[in-house]
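Take a look at the letters that make up each chain.
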Amino acid sequence: MGRIKVKEIFDILKERGFIEQHTDESELRELFKKSVTCYVGFDPTGKSLHIGHLLPVMALTHIQRAGHRPIAVVGGGTTLVGDPSGKTEMRPIMPRDEIESNALSIKKQLMRFLDFDMGRALMVNNADWLTKLNYIDFLRDIGRHFSVNRMLTAESYKMRLETGLSFIEFNYMLLQAYDFWHLFKHYDCRLQMGGSDQWGNIVAGTDLIRRLERDSAHCITFPLITTASGAKMGKTAKGAVWLDSEMTSPYEYYQYWINQEDTDIKRFLFLFTFLPVDEVERLGSLEGADIRQAKEILAFEATKICHGEQDALKARNAAKELFGNGEQGISDSVPEYQIDKAALEKGIPAFILFEQAGLCNTRSDARRLIMQGGGYINNEKIEAFDQIIDMKNEKDGAMLLRAGKKRYMKVSTS
């Protein structure tokens, strides 16, 4: 019986759609023949990562599953400066205590994806070394290796020259390159991965390592993921889809995935689940009404990875209760809005309640939705936008609002 060949991690990443650009392929393949340490940076500009960060997180997880060591670098230091990549204007400078608080929250989230036991993965904060740099020494030892002319050719800087690029942001490439060199020196890290807009910054790091250490390092960048409609990944009418369950509930997270367009399902199964390639190909070939099965599997698998199997099961069961046939109940997994009991006893116009509960961004949106027949309470169409909702609408201590076909909100009194 022949030996089954284990697929190389470079082929896994390439086959599943993670790779847009990379340094020399033959050298990368040679590098992966041994245990490799690689890193991705996450700037803690908020208390939670969102779906837009999910691609690099999944790539790190694949790399760890292939026997390599990932490092998640929380950018407590670089966030003090601000990354100009993909930005049309300078990001506000955040207070250091807020950055540190966000960094702790992000570390907890990453632990759901990566195994940090026994040093199998590492989390470090670049504030630990960047905030200790002596500016004159940094300019002399690091800055002299950077050509301003070459830096200005980087897409992240070219884009900002018209609107204005601050000197503090201009330093970002140097700091990110220094991060790579620091990790190379202290952790033997030889690979950095990041979004396609980071190519210039990452290559600057490989060049710095070559100049300072006379050694080689590599990089892989990921494609910018947009939906089939051209929307940015992870954006909805309500805003970003967060990995923090308090900011985006497991049910809402599940709903985000199940509501993706049919043409995106195969690609997202490759990127955001660990299902085998053959199974993804099978699911991706489904058509018509059968594509619903693939959507349900995508939603369940993605939610399980982020929130655990128990919450994924609850979200799936809640969706079946709400969207299945027959009598529909109000599951505990459906997002909930609590309203003051006295306000509900007095009565509140439907369009105001829809806006307050977060089903519509504005009261004008809520009026329009209800007038067009898209507002429901307890699965009954609301006939007028100013229809009064009060305690008579409660069933078993709650009521169920629906906007359109798929967005639900349970309303209860506090």
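Refer to the structure above for everything that follows.
On a predicted model such as this, the values are computed, not experimentally measured, just so you know.

Student: What am I meant to see in the environment of Phe146 here?
Tutor: Tracing the chain through its elements places Phe146 in the loop between helix 6 (135-141) and helix 7 (148-151). Residue Phe146 is classed as buried on the basis of its relative accessible area, which comes to 16%. Between the C-alpha atom of Phe146 and that of Leu208, which follows or precedes it by 62 residues, the distance is 8.4 Å. Discounting chain neighbours no more than four positions away, the residues touching Phe146 are Met151, Met173, Leu174, Ala177, Ala204 and Leu208.

Student: Looking at this structure, how should I read the environment of Leu13?
Tutor: Position of Leu13 relative to the elements: it lies in helix 1 (residues 9-16). When the C-alpha atoms of Leu13 and Phe222 are compared, they prove to be 9.8 Å apart, with 209 residues separating the residues in sequence. When near neighbours in sequence (up to four residues on either side) are disregarded, Leu13 contacts Phe18, Ile19, Ala59, His62 and Ile63.

Student: Even after reading the chapter, I still don't get the sheet that holds strand 14 (residues 398-403), so can you show me in this structure?
Tutor: Strand pairing in a sheet relies on backbone hydrogen bonds, with the paired strands running either antiparallel or parallel. Taken together, the 5 strands give an open sheet; going across it, the order is 9-15-14-11-12, and neighbouring strands pair in mixed fashion. Two strands close off the open sheet at either side, each with one partner strand: strand 9 (336-339) and strand 12 (380-381).

Student: Can you walk me through the packing of helix 1 against helix 3 (residues 54-65) in this structure?
Tutor: Between two packed helices, the angle of one axis relative to the other and the distance separating the axes together describe the packing. It is the contact of helix 1 with helix 3, at a shortest axis distance of 10 Å, that shows an interaxial angle of 150 degrees. Between helix 1 and helix 3, the interaxial angle falls into the category roughly antiparallel. Both helix 1 and helix 3 take part in a crossing whose hand is right-handed. The segment helix 1 lies against helix 3, with Ile9, Ile12, Leu13 and Arg16 engaging Ala59, His62 and Ile63. In terms of residue class, the contact of helix 1 with helix 3 is built from 5 nonpolar, 1 polar and 1 charged.

Student: Looking at this structure, I do not really get the pairing of strand 6 (residues 218-222). What am I missing?
Tutor: The side chains of a regular strand alternate, first on one face of the sheet and then on the other. Among the 5 residues in strand 6, 5 count as buried, and that is most of the element. Residues of strand 6 alternate between two faces, with His218, Ile220 and Phe222 on one and Cys219 and Thr221 on the opposite face, all of them buried. In the sheet, strand 1 (residues 21-22) pairs with strand 6 via 2 bridges, with the strands oriented antiparallel. Looking across to strand 6, one finds that His22 is bridged to Ile220. As judged from the 5 bridges shared by strand 5 (residues 189-195) and strand 6, these two strands associate in the parallel manner. Among the inter-strand pairings, Met193 is bridged to a residue of strand 6, identified as Ile220. On the question of chirality, the crossover connecting strand 5 to the parallel strand 6 by way of helix 11 (residues 199-213) is right-handed.

Student: Explain the pattern of salt bridges here, please?
Tutor: Where charged atoms from two side chains of opposite charge approach closely, those side chains can pair. Throughout the structure, instances matching the rule amount to 23 salt bridges. Note that Arg140 is salt-bridged to Asp141, the shortest N-O span being 3.2 Å. The exposure class of Arg140 is partly exposed, given its relative accessible area of 49%. Taken together, the shared-partner salt bridges connect Glu8, Asp11, Lys14, Glu25 and Arg29 into one network.

Student: Help me understand the sheet that holds strand 3 (residues 69-74) in this model?
Tutor: Pairing is mixed in the open sheet, where 6 strands are placed in the order 1-6-5-2-3-4. Edge positions in the open sheet fall to strand 1 and strand 4 (122-125), since each of these has one partner strand only. Relative to strand 5, strand 2 (residues 37-42) is paired through 3 bridges, and the arrangement is parallel. Paired with Tyr39 across the two strands is Gln192, which belongs to strand 5.

Student: Which parts of the structure should I look at to understand helix 14 (residues 277-284)?
Tutor: Because the α-helix completes a turn every 3.6 residues, residues three or four places apart line up on one side. Those residues of helix 14 that fall on the buried side of the exposure criterion are Val277, Val280 and Leu283. For helix 14, the buried positions fall inside an angular range of 125 degrees around the axis, keeping them on one side. Buried residues along helix 14 sit against helix 1, helix 13 (265-272) and helix 15 (291-307).

Cut-offs applied
Residues numbered from 1 in each chain as written. Predicted model: local features only at pLDDT ≥ 70, side-chain atom pairs only at ≥ 80, totals over all residues. Heavy atoms only, no water. Helix = DSSP H or I, 4+ residues; strand = E, 2+ residues; numbered from the N terminus. Buried < 20%, exposed > 50% of the residue type's maximum accessible area, 1.4 Å probe, protein only. Contact = heavy atoms within 4.5 Å. Pairing = 2+ DSSP bridges. Axes fitted to C-alpha atoms, helices over the stretch in contact; angles between N-to-C directions. Parallel < 35°, antiparallel > 145°, perpendicular 65-115°, else oblique. Left-handed = near helix turned anticlockwise from the far one by under 90°. Nonpolar A, V, L, I, M, F, W, Y, C, P; charged D, E, K, R; others polar. Right-handed = clockwise from strand over helix to strand, strands pointing away. Salt bridge = Lys/Arg side-chain N within 4 Å of Asp/Glu carboxyl O. Arc of directions from axis to C-beta.

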